[in-house]
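Summary of the model geometry
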Amino acid sequence: MTGIAALRVLDVHKAFRARSVLRGVSFDVSPGELAGVVGENGAGKTTLLRILAGQLGPDRGEVELTGSLGYCPQHAVLNDALTVDQHLRLFQVSYRLPDLGRANELVERLGFADYRNIPVGVLSGGTRQKLNLVLALMHDPALLLLDEPYQGFDWDTYLHFWRIATELSEAGRAVLVVSHLAYDKERLDTLHRLDNGTLGESGGGIRNRSAVDSRR
Amino acid sequence: MTVWRTVTWYGLVELGKNRLAVVLVLGFVPLWITLAHVVASPTPLQFRYRATGGLLDVDSSQLMVIMGSLNAVTLITGFLMFSMTRRATDLDRRLVGAGCPRAVLLTAKLTALVVSTLVIACWSTSVILVYWQPEQPGLLCLGLIMAGLTYGGIGIVLGVFLPGELEGMFTVIMISLLDLILQNPLVNSTSDKDIVTFLPSYGPLQTCVGAGFTDTVPTTQMLLCPVWLTGCALIGLVAFHARTRQRFQPTRV
């Protein structure tokens, strides 16, 4: 890991009317770090991630980002009338990618290549979620923000997901996974717990790479 | 250019896959025009035609055909653009985050509006020609295009602000009904009051009536269409800009 953070969050506050959701959240994610944020339902995890993705402005505090960003929202954000391939093409031109090499590789690995020409409106929730993830990953971002990314995944796809996330961190990408469960803490370098609008460290340096490898 | 072409093409693909809209265009347009022609009795009626300032003697069944086609075109384009805009809000925000310029997304929607309006207006005009030969069929088609563009613009604005399909459909229907009923001398004896000049389909109706029964072109009234479209496009642009705004740009080292 280098000294320059891929993501730096400084004293971020956010309230919706009188309801204070985030009350001074601060943390860093370094290149190569696989970090997690867990918290109860309604703890403000999605609000935090939307602020980090630039979709929502904080009331106070700062977010600094170095390099390109990939954001995978909790619910699959897709156009039901378009096919998988049409989504890939749409995001290829938006990211200005010369080709779909990385996207094609991810589609193969996540096992939904057979559905490429099918409108996503008729796909299962799990397949939609896979496409949702590929759209966030296909430009190989320096920082990846994932909001409950494996909802609807079967076990094999879930394991594929963690393999991809681990490979990304080993390639120097910063990955932040937000979840309401702390199942996967042995897969993470850092785990933060979001509680009552503030962030606490829930154990550090917890990734046990050999344990993760043995579960592959 | 590639970005614009791709986004615009997929916008048109999405429109073509909107089965409800296709069924409405193929079924509702001929049905409405046919019923308007068959049900209304061919009695003489006076219509305030503001290009000349005088009262125009028109056939009420032919006026009903114009009213019916305007109603069909405005409902379909209004709902089509409402539906397209509302469904795309979250994906548009995501595409902007991925680097797609907002101007591209907005102009793609306007292109989809123009193309769909052209198709619906030409189809409606050809159905009208089955029953009646207006004085200026081309101008009649232009009047329907103006109505479609105006209501498509209204649909985009509603799509940015209203949360659900039901609310949007209801609002488009109510606006179109009020708009045309207030200007229809068959149901409103005071339809020649000046207040109707502020209604969205005032310009298109004057154009269609001029095309149907005269050899004149109501230039002033026609200019109201770009005013409506520009106004709606501006409101839509500002709202769209606010909704898809990225709060910060990543600092690069």
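Since we're looking at a predicted model, the values are computed, not measured.

1. A short note on the interface of chain A and chain B
Listed as interface residues are 34 residues of chain A and, on the opposing side, 25 residues of chain B. Both sides together, the interface formed by chain A and chain B hides about 2,600 Å², and carbon and sulfur atoms give 61% of it. Our count for the contact surface shared by chain A and chain B stands at zero salt bridges. Along the contact surface separating chain A from chain B lie six residue pairs in polar contact (both at pLDDT 80 or more). Counting only elements with at least two residues in the side of chain A that touches chain B, the list comes to helix H1 (45-52), strand E4 (60-65), strand E5 (69-72), helix H2 (84-95) and helix H4 (125-137) of chain A. The element contributing the most residues to the side of chain A that touches chain B is H2 of chain A, with seven residues. Among the residues making up the side of chain A that touches chain B, the classes are represented as 20 nonpolar, eleven polar and three charged.

2. Here we look at the nonpolar core
Core analysis: the biggest nonpolar cluster contains 57 residues, and Leu88, Phe91, Met138 and Trp162 of chain A have the highest contact counts within it. Considering each element in turn, this core owes the most residues, seven residues, to helix H5 (residues 155-170) of chain A. In this view, Leu88 of chain A contacts Leu100, Ala103, Val107, Arg116, Leu131, Val134, Leu135 and Met138 of chain A; residues no more than four positions away in its chain are not counted. Counting residues in hydrophobic clusters, the runner-up holds 48 residues, among them Ala36, Leu45, Leu63 and Leu80 of chain B.

3. Let's talk about empty space enclosed by the protein
Rolled over the atoms, a probe with the dimensions of a water molecule shows which regions are left empty. Tallied over the entire structure, the rule returns eight cavities of 30 Å³ or more. Every residue lining the largest cavity is counted, 15 residues in all, and those nearest its centre are Asn79 of chain A together with Val7, Gly11, Glu14 and Asp92 of chain B. Secondary-structure elements contributing two or more residues to the lining of the largest cavity are helix H1 (2-16), helix H3 (60-97) and helix H4 (102-131) of chain B. Top contributing element to the lining of the largest cavity by residue count: H3 of chain B, with five residues.

4. Things to note about unusual backbone geometry
Most peptide bonds take the trans form, and the phi angle of most residues other than glycine is negative. Residues and elements named next belong to chain A. Notably, Glu148 is not glycine yet its phi reads approximately 45°, a positive angle. Of note, Glu148 is situated in the loop between strand E6 (143-147) and H5. With a phi angle near 55°, Asn196 is a residue other than glycine that sits in the positive phi range. With respect to the helices and strands, Asn196 occurs in the loop between strand E8 (190-195) and strand E9 (198-204). We classify Asn196 as exposed; its relative accessible area is 56%.

5. A closer look at the pattern of salt bridges
All told, the structure shown has twelve salt bridges over all chains when counted by the stated rule. Its salt-bridge partner being Arg8 of chain A, residue Asp28 of chain A comes within 3.1 Å of it at the nearest N-O pair. Placement of Asp28 of chain A in strand E2 (residues 19-29) and of Arg8 of chain A in strand E1 (residues 7-16) is noted, with a sequence separation of 20 residues between them. A relative accessible area of 33% places Asp28 of chain A in the partly exposed class. On the basis of relative accessible area, Arg8 of chain A is assigned to the partly exposed category, the value being 31%. The closest approach of N and O atoms between Asp140 of chain A and Arg173 of chain A, which form a salt bridge, is 2.8 Å. Here Arg173 of chain A lies in the loop between H5 and strand E7 (174-179) and Asp140 of chain A lies in the loop between H4 and E6, a separation of 33 residues in the sequence. For Arg173 of chain A, a relative accessible area of 22% corresponds to the partly exposed category. Shared partners join several salt bridges into a network, and the residues in it are Arg86, Arg87 and Glu165 of chain B.

6. Quick word on the confidence of the model for chain B
Residue and element names in this part refer to chain B. Summarising the model, chain B shows a mean pLDDT of 88, and 97% of its residues fall at 70 or more. Per-element confidence in chain B ranges from a low mean pLDDT of 85 for helix H9 (residues 224-243) to a high of 94 for helix H7 (residues 202-213). Confidence estimates for the predicted assembly give a pTM of 0.84 and an ipTM of 0.86.

7. Considerations on the UniProt feature "transmembrane region" (unreviewed entry) in chain B
Residues and elements named next belong to chain B. Listed under "transmembrane region" (unreviewed entry) in the UniProt record, and renumbered for this structure, are residues 20-40, 60-82, 103-131, 137-162, 169-187 and 221-242. Secondary structure within residues 60-82 divides into 100% helix and 0% strand; the distance between the first and last C-alpha atoms comes to 32 Å. As annotated, residues 169-187 comprises 79% helix and 0% strand, and the C-alpha atoms at either end are separated by 24 Å.

Thresholds, definitions, all that
Residues numbered from 1 in each chain as written. Chains lettered and ligands numbered in written order. Predicted model: local features only at pLDDT ≥ 70, side-chain atom pairs only at ≥ 80, totals over all residues. Heavy atoms only, no water. Contact = heavy atoms within 4.5 Å. Buried area = accessible area lost by both parts, 1.4 Å probe. Salt bridge = Lys/Arg side-chain N within 4 Å of Asp/Glu carboxyl O. Polar contact = N/O pair within 3.5 Å; in protein donor to acceptor, adjacent residues only side chain to side chain. Helix = DSSP H or I, 4+ residues; strand = E, 2+ residues; numbered from the N terminus. Nonpolar A, V, L, I, M, F, W, Y, C, P; charged D, E, K, R; others polar. Core = buried A, V, L, I, M, F, W, Y, C linked by side-chain atoms within 4.5 Å. Buried < 20%, exposed > 50% of the residue type's maximum accessible area, 1.4 Å probe, protein only. 1 Å grid on protein atoms, 1.4 Å probe; cavity = no way out; pocket = protein on both sides within 12 Å on 5 of 7 lines; lining within 4 Å. Points joined across faces, edges and corners; volume = space filled by probe spheres on them. pLDDT = per-residue confidence, 0-100. UniProt positions renumbered as here; feature names shortened; annotations may be inferred.

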